[in-house]
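Listed below, chain by chain, are the residues.
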Amino acid sequence: MLGICRGRRKFLAASLTVLFVPAITWIYLFAGSFEDGKPVSLSPLESQPHSPRYTASSQRDRESLEVRMREVEEENRVLRKQLSLAQSRSPSHHRGNHSKTYSMEEGTGDSESLRAGIVAGNSSECGQQPAVEKCETIHVAIVCAGYNASRDVVTLVKSVLFHRRNPLHFHLIADAIAKQILATLFQTWMVPAVRIDFYDADELKSEVSWIPNKHYSGIYGLMKLVLTKTLPSNLERVIVLDTDITFATDIAELWAVFHKFKGQQVLGLVENQSDWYLGNLWKNHRPWPALGRGYNTGVILLLLDKLRKMKWEQMWRLTAERELMSMLSTSLADQDIFNAVIKQNPFLVYQLPCFWNVQLSDHTRSEQCYRDVSDLKVIHWNSPKKLRVKNKHVEFFRNLYLTFLEYDGNLLRRELFGCPSEADVNSENLQKQLSELDEDDLCYEFRRERFTVHRTHLYFLHYEYEPASDNTDVTLVAQLSMDRLQMLEAICKHWEGPISLALYLSDAEAQQFLRYAQGSEVLMSRHNVGYHIVYKEGQFYPVNLLRNVAMKHISTPYMFLSDIDFLPMYGLYEYLRKSVIQLDLANTKKALIVPAFETLRYRLSFPKSKAELLSMLDMGTLFTFRYHVWTKGHAPTNFAKWRTATTPYRVEWEADFEPYVVVRKDCPEYDRRFVGFGWNKVAHIMELDAQEYEFTVLPNAYMIHMPHAPSFDITKFRSNKQYRICLKTLKEEFQQDMSRHYGFAALKYLTAENNS
């Protein structure tokens, strides 16, 4: 629209020039042809040499007029040519899919004129609009540290990806925690035309640690100051964003603003919308020096190449050292120092219109930045209150934010057509594997699930745990979906050790889980529980993928492979740590079996000892697990022997054996071909046996399965014949793979299956 407007304006100016210049010229010439009220002929035929009025002077006037006429005619010819070119360049005629002009309303270096015309400028359609090439890469830098900030980054990135039409290169200055989380997330997200580079924030601490900072962002809130030194030397420009930003437009529009920088302008910033830097918020309020209201650094455009030439590093350091002599510390982290530098060097800043950073903290002037929803560009939740901030339109802003918060990230895996993307080895391998599958195979969907890459967000909540120094620590490993959330508090009460959980959720369900966990005193009091979100995709529950994710991210030498529906006996954590030493698990291949029982009662007085459990078993309150449905699954545990056992005893593998075991963290992964219901644990135990693990039953350990409604997958298994056929096919293929991998020793699995 703005490109068309610009073309029309040029067309109108040229047209008026062509029409009015000749008219004015001829009026001038015609008026000049009268002398004493009589017309003077301009025709050479009518001019007689013997006329008394014909003089040398009038001859010169006539010649000068003829010269002027020729000049005007030449100017008209040039104007007509320019008009023709303007018409041929009109966006409505020749702007196809090959190039795109992104609009950006004019900013100004004059804060007063900006304030006077905020709304008018926001709705302007005829500003000069520089182009951003269709496949031009847009560079974005974000400082991110910790678990909460990592979640915030995901929402920010979703809002950017939703609107974008250009390749993106994110430069993430991250601590070790954020790097682990975000590296896995982007690797499994597999968004085309998006590149991620990480820079170690911990290595940058020494650059800014000398600056006292009162802001809640801590030392990481100062790291935007050192981006010229941190980012690659060949990177010329970058958009810098806080993690609490939400985009409501294509980021290319903001990138286009770089073309408006003039002279020594190297920083693009929006004026601060609160009165903080005016120093009138309370008595004796003394902010850092700033130009007028100052500038907010939630959104920054940095011309890195020019900043480096200006010796930015030296500039901000000298300013900070001088101001800290009287201010003692920063209150708003890097923002205070940026403003102090700008106060002394106002020529550095290009002031962006305020809709590029609508600041939603209490008592701001943010409402002056927009007249209509369509005016919004970037929303900045820069109050510690975040979504609880006071604003007349906060409900609208909150809904916009929640839209991206719960938006299905899988839908953002869309190609940018016409833009070449860098070769991705993982993506190419995946495509090759999928292409080898037969789509006409009735079990195609089962086979395909094995290769599905599920977006994964590790450590969704704060995690803090150091394993015991005696190398006996054990992590409980389990997986669950939304319908099993109610088990979390009970498990935490029964198991005081570390826990690693993989949760299979949609984006919206992940937020429901977050609210549930944050509202639970039990869960919030535990920092040794790692919650890893595996986002939903496809029609099957990827049970073994979930187990593998939970297994992979433990920090202890041993793990207890459990299921979410089981409550371990009180004290099992300490008992297992003692058993690890007693049975020398560190130096032997053992799988310690925790006998499994079940109850059909939703309310159970949980047995506090083995003797109490045996009594409940005799009374029919408890049963050995699945004895009435799937006896073979746990029969080799030998419950009759366990009743009187006082020492650990060894049992042999049998067909369909699927006990719950404690193993070293280096045990084999679960086989991903088994999804939903059936054979997912059986295959894993079979592989442990093939690798010559000894199965040892613990005499004083137990776990109890709590009742629940049948899962969707077991319902499909029972009702769908094709499901059962495919499961049988996958079992046979797994056994064949075992024979190929383990040779003659694995033949017993085929024999046992045939005899069972």
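Cut-offs and rules
Residues numbered from 1 in each chain as written. Predicted model: local features only at pLDDT ≥ 70, side-chain atom pairs only at ≥ 80, totals over all residues. Heavy atoms only, no water. Helix = DSSP H or I, 4+ residues; strand = E, 2+ residues; numbered from the N terminus. Buried < 20%, exposed > 50% of the residue type's maximum accessible area, 1.4 Å probe, protein only. Contact = heavy atoms within 4.5 Å. Areas by Shrake-Rupley, 256 points an atom, 1.4 Å probe, with all protein chains shown as cover. Core = buried A, V, L, I, M, F, W, Y, C linked by side-chain atoms within 4.5 Å. Pairing = 2+ DSSP bridges. Salt bridge = Lys/Arg side-chain N within 4 Å of Asp/Glu carboxyl O. Axes fitted to C-alpha atoms, helices over the stretch in contact; angles between N-to-C directions. Phe/Tyr/Trp six-rings, centres within 6.5 Å; stacked < 30°, edge-to-face > 60°. Lys NZ or Arg CZ within 6 Å of the ring centre and 35° of its normal. pLDDT = per-residue confidence, 0-100. Patch = residues over 30% accessible without salt bridge, like charges linked within 9 Å, V, L, I, M, F, W, Y side chains within 5 Å. Lys, Arg positive; Asp, Glu negative; His and termini not counted. Charge placed at Lys NZ, Arg CZ, Asp CG, Glu CD. Disulfide = S-S within 2.5 Å.

### Side note on the overall build of the protein chain
Broken down by element type, the protein chain carries 27 helices and 25 strands. Put simply, the protein chain has 756 residues, and 53% of those count as buried. Restricting to contacts in the protein chain with at least 6 residues of sequence separation, those with at least 24 account for 80%. For the protein chain, the computed accessible surface area is about 35,800 Å², with 53% contributed by carbon and sulfur atoms.

### Structural notes on the nonpolar core
Counting 115 residues, the largest nonpolar core has Leu501, Phe513, Phe560 and Leu576 as the members making the most contacts within it. With 7 residues, helix 26 (residues 721-742) is the largest single contributor of residues to this core. Each residue touching Phe560, except ones within four places of it in the same chain, is listed here: Val474, Thr475, Leu476, Val477, Trp495, Leu572, Leu576, Val594, Tyr660, Val661, Val662 and Met703. Residues Val191, Leu231, Val257 and Trp316 belong to the second largest nonpolar core, which totals 103 residues.

### With respect to helix 20 (residues 543-552)
Of all 10 residues in helix 20, 9 are buried, a share of seventy percent or more. Among all positions in helix 20, only Val543, Asn544, Leu545, Leu546, Arg547, Asn548, Val549, Ala550 and Met551 are buried.

### Looking at the sheet that holds strand 7 (residues 245-247)
Here we have 3 strands laid out as an open sheet, ordered 7-12-11, and mixed in their pairing. Two strands in the sheet have a free side with no partner beyond their single neighbour: strand 7 and strand 11 (358-359). Note: strand 11 against strand 12 (residues 378-380), 2 bridges, orientation parallel. Among the inter-strand pairings, Val358 is bridged to a residue of strand 12, identified as Ile379.

### Notes on the pattern of salt bridges
Oppositely charged side chains can form a pair if their charged atoms are brought close together. Using the criterion set out here, one finds 35 salt bridges in the structure. The closest approach of N and O atoms between Asp275 and Arg293, which form a salt bridge, is 2.2 Å. Placement of the pair is Asp275 in the loop between strand 8 (267-271) and strand 9 (295-303) and Arg293 in the loop between strand 8 and strand 9, with a sequence separation of 18 residues. Looking at Arg293, the relative accessible area reads 10%, which means it is buried. The closest approach of N and O atoms between Glu694 and Arg650, which form a salt bridge, is 3.8 Å. Of the two residues, Glu694 is situated in strand 24 (residues 694-697) and Arg650 in strand 22 (residues 649-651); the sequence distance between them amounts to 44 residues. Taking relative accessible area as the criterion, Glu694 reaches 28% and is therefore assigned partly exposed.

### Observations regarding the sheet that holds strand 19 (residues 590-594)
With respect to topology, 9 strands assemble into an open sheet ordered 13-16-15-14-17-23-19-24-22, the strand pairing being mixed. Of all the strands in the sheet, just strand 13 (456-457) and strand 22 have a single pairing partner and so form its edges. The sheet strands contacting helix 21 (residues 572-582) are strand 14 (474-481), strand 17 (558-561), strand 19 and strand 23 (660-664), and the helix crosses strand 14 at an angle near 130°.

### Overview of the packing of aromatic side chains
Evaluation of the coordinates by the stated rule reveals 32 aromatic pairs. With a centroid separation of 5.2 Å and an interplanar angle of 40°, the aromatic rings of Tyr459 and Tyr463 are classed as tilted. The exposure classification of Tyr459 matches that of Tyr463, with both residues buried. Between Tyr570 and Phe606, the ring centres sit 5.7 Å apart and the planes meet at 80°, which makes this aromatic pair edge-to-face. Of this pair, Tyr570 sits in the loop between strand 18 (566-568) and helix 21 while Phe606 sits in the loop between strand 20 (596-598) and helix 22 (610-619); the two residues are 36 residues apart in sequence, bridging distant segments of the chain. Members of the aromatic cluster, each reached through a chain of ring pairs, are Trp255, Phe258, Phe261 and Tyr350. Over the ring of Tyr535 we find Arg455, and its NZ or CZ is 4.0 Å from the ring centre.

### Here we look at helix 21
Of all the positions in helix 21, only Leu572, Tyr573, Tyr575, Leu576, Arg577, Ser579 and Val580 are classed as buried. Where helix 21 is buried, its residues contact strand 14, strand 17, strand 18, strand 19 and strand 23. Of the residues flanking the end of helix 21, it is Asp584, one or two places downstream, whose phi is positive at about 50°.

### Considering the confidence of the model for the protein chain
On average, residues of the protein chain carry a pLDDT of 82, and 79% of them reach 70 or more. Between residues 1-6, whose pLDDT stays under 50, and residues either more than four places distant or in other chains, the model counts 15 contacts. Confidence drops under a pLDDT of 50 for residues 16-58, and excluding neighbours within four residues, the segment shows 32 contacts in the predicted structure.

### Quick look at the environment of Gly268
Looking at the element boundaries, Gly268 is found in strand 8. In this structure the C-alpha to C-alpha distance between Gly268 and Val240, which are 28 residues apart in sequence, comes to 10.0 Å. Residues contacting Gly268, with those up to four places away along its chain left out, are Phe261, Val299, Ile300, Leu301, Tyr350 and Leu352.

### Some details on a negative patch on the surface
A surface patch of negative charge is lined by Asp438, Glu439, Asp440 and Glu445. Note on placement: Asp438 falls in the loop between helix 15 (425-435) and helix 16 (444-449). By relative accessible area, Asp438 is classed as partly exposed at 46%.

### Examining the state of the cysteines
Overall, the coordinates contain 2 disulfides when judged by the stated rule. Between the sulfur of Cys135 and that of Cys419 lies a disulfide, 2.1 Å long from S to S. Taking the sign of the torsion about the S-S bond as the criterion, the disulfide between Cys135 and Cys419, at about -90°, is left-handed. On the criterion of sequence distance, the pair formed by Cys135 in the loop between helix 5 (118-122) and strand 3 (138-144) and Cys419 in the loop between helix 14 (394-405) and helix 15 is long-range, its members being 284 residues apart. For Cys135, a relative accessible area of 30% gives the class partly exposed. On the basis of relative accessibility, which here comes to 12%, the residue Cys419 falls in the buried class. Sulfur-sulfur distance for the disulfide between Cys443 and Cys726 comes to 2.1 Å. Its S-S torsion of approximately -95° makes the covalent link between Cys443 and Cys726 left-handed. Of this pair, Cys443 sits in the loop between helix 15 and helix 16 while Cys726 sits in helix 26; the two residues are 283 residues apart in sequence, bridging distant segments of the chain. The exposure classification of Cys443 matches that of Cys726, with both residues buried.

### Quick look at the pairing of strand 23
Side-chain direction in a regular strand flips from residue to residue, so the side chains alternate between the two faces of the sheet. Burial runs high along strand 23: 5 of the 5 residues are buried. Relative to strand 23, strand 17 is paired through 4 bridges, and the arrangement is antiparallel. Bridge pairing in strand 23 links Phe560 to Val662. The pairing of strand 19 with strand 23 spans 3 bridges and is classified as antiparallel. Looking at strand 23, one finds that Ile593 is bridged to Val661.

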